[in-house]
Amino acid sequence: MNPSAEALRGTFAGAIGRAVESCGDTIVYVDRAALLDVMAWLRDTPGQQYDYLVDVTAVEYRDRERSLEVVYNLRSLERRTDLRVKVELDPRGDLAIDSVVPLWQGADWLEREVFDMFGVTFRGHPDLRRILMWETYAEGYPLRKDFPLRGRFSRAEQVRQALNANPEAHYSMEELSIAEAYDELPPDMRERLRRGERGKIPDSE
Amino acid sequence: MSKRTIAVELATPGLDPQGRPARIPLEAGVGALERYGEPDAGEHMLINIGPQHPATHGVLRLVVELDGETVVRVIPHVGYLHSGFEKLGEYRHYNQIIPLTDRTDYLSPMANNVGFALAAEQLMGIEITPRCTVLRVIACEMSRIISHMVWLGTTSIDLGAFTPFLWAFQERERIYNLQEMWTGARLTTSVTRVGGMMADVTDDFVAGLRQFVDTYPKTLHEIDRVLTRNAVWVGRTQGVGVMTAQEAVNYSLSGPMLRASGVPYDMRRDKPYLAYDSYEFDVPVGEHGDVYDRYLVRLEECHQSNRILRQALERLPDGPLNIGDPRLILPPKSRAMSDMEAMIYHFKQVMEGVKAPVGEAYVGIENPKGELGTYLVSDGTAKPVRWRIRPPSFINLAALPKMAEGHLLSDLIAINASVDIVMGEVDR
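If you're wondering where the values come from, they're calculated on a predicted model, not measured in any experiment.

(A) Summary view of the overall build of chain B. Looking only at helices and strands, chain B has 18 helices and eight strands in total. Residue burial in chain B is summarised as follows: out of 428 residues, 61% are buried. In chain B, once contacts between residues fewer than 6 apart in sequence are set aside, the share between residues at least 24 apart is 69%. Here chain B displays about 16,000 Å² of accessible surface, and carbon together with sulfur accounts for 55% of that area.

(B) Layout of the overall build of chain A. A tally of helices and strands in chain A yields six helices and seven strands. Traced from its N-terminal end to its C-terminal end, chain A shows the element sequence α-β-β-α-β-β-β-β-α-β-α-α-α. Counting across all 205 residues of chain A, residues that qualify as buried make up 52%. Partitioning the intrachain contacts of chain A with sequence separation of at least 6 by distance along the chain shows that 49% fall at a separation of at least 24. When the accessible surface of chain A is split by element, carbon and sulfur atoms take 50% of a total near 9,100 Å².

(C) View of the packing of helix α5 (residues 130-158) of chain B against helix α7 (residues 203-227) of chain B. All names here are of chain B. Axis separation between α5 and α7 bottoms out at 13 Å; the angle between their running directions is 30°. Taken as axis vectors, α5 and α7 run roughly parallel relative to one another. In terms of crossing hand, the pair formed by α5 and α7 is left-handed. Residue-level inspection shows I138, M142, I145, M149 and L152 of α5 in contact with α7, the latter providing F205, L209, F212, Y216, L220, I223 and L227. By residue class, the composition of the contact of α5 with α7 is twelve nonpolar, no polar and no charged.

(D) Region of the structure containing the sheet that holds strand β1 (residues 45-49) of chain B. All names here are of chain B. Across the sheet, three strands lie side by side as β1-β2-β3; this open sheet has antiparallel pairing. Two strands bound the open sheet, and with one partner strand each, they are β1 and β3 (70-77). Strand-to-strand twist of the sheet, defined as the mean angle between neighbouring strand axes without regard to direction, takes the value 20°. Here strand β2 (residues 61-67) runs beside β3; their pairing, made up of seven bridges, is antiparallel. Paired with R61 across the two strands is H77, which belongs to β3. In the packing of helix α17 (residues 409-419) onto the sheet, the strands contacted are β1, β2 and β3, and the crossing angle to β2 comes to about 150°.

(E) Up close: the nonpolar core. If you look at the biggest cluster of nonpolar residues, it comprises 171 residues, and the most contacted ones within it are A:Y72 and B:W182. Among the elements that line this core, the one with the most residues is α5(B), at 13 residues.

(F) The arrangement of the side chain of B:S147 in detail. Residues and elements named next belong to chain B. Note on placement: S147 falls in helix α5. A residue is classified by how much of its surface remains accessible, and S147, at 0% relative accessible area, is buried. Apart from the residues lying within four places of it in its own chain, the contact partners of S147 are L107, S108, P368, K369 and D420.

(G) Quick look at the environment of B:H57. Residue and element names in this part refer to chain B. With respect to the helices and strands, H57 occurs in the loop between β1 and β2. The exposure class assigned to H57 is buried, which follows from its relative accessible area of 15%. Considered as a pair, H57 and M423 are 366 residues apart in the sequence and their alpha carbons are 7.5 Å apart. Excluding its chain neighbours within four sequence positions, the residues that come into contact with H57 are T154, D158, A417, I421 and M423. A polar atom in the side chain of H57 sits 2.7 Å from the side chain of D158.

(H) Inspection of the pattern of salt bridges at higher detail. According to the stated counting rule, one finds 49 salt bridges over all chains in the structure shown. Each of B:E141, B:R144, B:R259, B:D266, B:R268, B:E301 and B:E366 takes part in one network of salt bridges that share partners.

(I) Representation of helix α12 (residues 291-315) of chain B within the structure. The end-to-end C-alpha distance of α12(B), which contains 25 residues, comes to 36 Å, matching closely the 36 Å that a straight helix rising 1.5 Å per residue would cover. The element α12(B) is extensively covered by neighbouring structure, given that 18 of its 25 residues are classed as buried.

(J) Looking closely at the packing of aromatic side chains. All names here are of chain A. Scanning the entire structure with this criterion turns up 13 aromatic pairs over all chains. Summarising the aromatic geometry, the rings of F115 and Y141 are spaced 6.3 Å apart at their centres and angled 55° between planes, so their arrangement reads as tilted. Here the residue F115 occupies a position in helix α3 (residues 107-118), and Y141 occupies one in the loop between β7 (121-123) and α4 (155-164), the gap between them amounting to 26 residues. For Y141, a relative accessible area of 14% translates into the label buried.

(K) A nonpolar patch on the surface, seen in detail. Together, B:L330, B:F347, B:V350 and B:M351 make up an exposed nonpolar region whose accessible area comes to about 410 Å². Positionally, B:M351 belongs in helix α14 (residues 340-352).

(L) Broad picture of the sheet that holds strand β1 (residues 16-22) of chain A. Residue and element names in this part refer to chain A. The sheet built from five strands is open, its strands ordered β1-β2-β5-β4-β3 with mixed pairing. Both outer strands of the open sheet, β1 and β3 (52-59), are each paired with one neighbouring strand and no more. Shown here is a sheet whose adjacent strand axes are inclined to one another by a mean of 20°, direction ignored. Bridge count for β3 against strand β4 (residues 68-76) is seven bridges, and the pairing is antiparallel. Note that in β4 the partner of Y52 across the bridge is R75.

(M) Main features of the confidence of the model for chain A. Taken over all residues, the pLDDT of chain A has a mean of 83, while the share at 70 or more is 82%. Segment residues 197-205 of chain A: pLDDT under 50, and 25 contacts once partners within four positions in sequence are set aside and those in other chains are kept.

(N) Fine view of α5(B). All names here are of chain B. Taking 1.5 Å per residue as the helical rise, α5 with its 29 residues ought to reach 42 Å, and the 42 Å between its terminal C-alpha atoms agrees with that figure. Most of α5 sits out of view: 26 of its 29 residues are buried. G160, located one to two residues past α5, shows a positive phi value of around 95°.

About the criteria used
Residues numbered from 1 in each chain as written. Chains lettered and ligands numbered in written order. Predicted model: local features only at pLDDT ≥ 70, side-chain atom pairs only at ≥ 80, totals over all residues. Heavy atoms only, no water. Helix = DSSP H or I, 4+ residues; strand = E, 2+ residues; numbered from the N terminus. Buried < 20%, exposed > 50% of the residue type's maximum accessible area, 1.4 Å probe, protein only. Contact = heavy atoms within 4.5 Å. Areas by Shrake-Rupley, 256 points an atom, 1.4 Å probe, with all protein chains shown as cover. Axes fitted to C-alpha atoms, helices over the stretch in contact; angles between N-to-C directions. Parallel < 35°, antiparallel > 145°, perpendicular 65-115°, else oblique. Left-handed = near helix turned anticlockwise from the far one by under 90°. Nonpolar A, V, L, I, M, F, W, Y, C, P; charged D, E, K, R; others polar. Pairing = 2+ DSSP bridges. Core = buried A, V, L, I, M, F, W, Y, C linked by side-chain atoms within 4.5 Å. Polar contact = N/O pair within 3.5 Å; in protein donor to acceptor, adjacent residues only side chain to side chain. Salt bridge = Lys/Arg side-chain N within 4 Å of Asp/Glu carboxyl O. Expected span 1.5 Å × (residues − 1). Phe/Tyr/Trp six-rings, centres within 6.5 Å; stacked < 30°, edge-to-face > 60°. Patch = residues over 30% accessible without salt bridge, like charges linked within 9 Å, V, L, I, M, F, W, Y side chains within 5 Å. pLDDT = per-residue confidence, 0-100.

Right, here's the structure in full:
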């Protein structure tokens, strides 16, 4: 067991859940409200120095009763040690969690991917958009267990949507604001742009 | 038409008072337009590169905001090659996932096979045989050489040098022939299995690889002589796309990108797998973190890979290739057709797959592009609950906007090339 687990419990007490070991890796469960503090502590405290964020991902189990977990793999380059931090979320509840981008820039795209694939929203993320799927993708969150392997829409519907897609939609609102195209936009799009709205992401349900 | 007013007065092109490349806030966020008025069509240019463009190395799309020829902002768009491998993996047995790993980073398929097999073995608590360990090292280092050769060839093409491309691809072709000799496939090798390998190597393969190891450094020296002190190459790469060590760590860069920035971290040496700590090799580390240093690091890694291959060939032990457990390894086909016991094992493995105990495993290996992590979560069935690939080039690519800011458009091409992306892995 990685000694950081005990150190965390000593510092944050109630915010630290169980610590388990699997295949030689230590996993610490952290309360979602304390995530950012715990991560900052792990990164900056001498003796911990988990300065490298290896990966951010999420896991949803086939067992409907289990929580959806957001998984952070941390590494101390100095001490050559890894630690896995998990936050449990209710898959049927509010999937919101603090973003760790203020601590690690590298989390930017990783959190976008978790948002894209699982629908977890990261509060404080500078640019939370879908990344692998397109911005107006309306079928939901592909890596959720209730998402069928072939997608929610029929192949015919997918083709219809692709053919009807607005070519302007290939640029985000942000990009259009730079382009000459701004002046040629229809008034309603300019209005949306003025209000600072991003490409609309419909709800999965 | 109203003019865009730009609040930042640029003294030198693109630098703010703190010396950082200036960013003109053009975000569509609330207030941006109020602050700067209506955007003017003529001030900044928006250029779309890709997804079908030779310099984007696949289907990467970059939307670039230009002030004259200076890059103000780059917005990468990825996902054009998204194939949902991770989702597919949740519907497949562990051994059935291995063919999917070929297709992620398709420039180093064997190393991906090894990465997945190591994670599945850690999950199941399997110790592989000594011969298998050495063969996997050979597979990884062969992959590193072909991947770096493709990188070198395509990058030199991007920067206008054609000859090294041909030399590099000739060497790659020789490794491809060896891969074909070993696995029957040049690209989709699927060479590993959980607990062993799909096939053993022949004596011809060993002789062929030995010949390759002896002759390959000559090509590296030729490339070195053509590029390393070439005025055009140096001018196009030095001081371009700099990442400091601190930034590289903060952006979670890995592999040659991290080491070129001066962080001496190599999974093979610092978190050894496959008994890499018993090989003699050096980890090249850059100093300036620019495109030139990334080139030097990768060129030196080719030499080191060759060194490791030579040692691996010397120590390649005899003995069994696969572990002895018949519940995990398919019996030979001839026995499955003639022996009742073997047929039952064959049937159970094909129909039910191998069950992994409840738990989770993360194994990171030093792939040519960086740290390829495989994170497997099992709920005790024969199919993983979650198969996560930590894609090194996806994470490295995320630093592209940061690196390209304030450089010329032509430098953006050099910087993008230096990241060494492969879209099959970025998009998965």
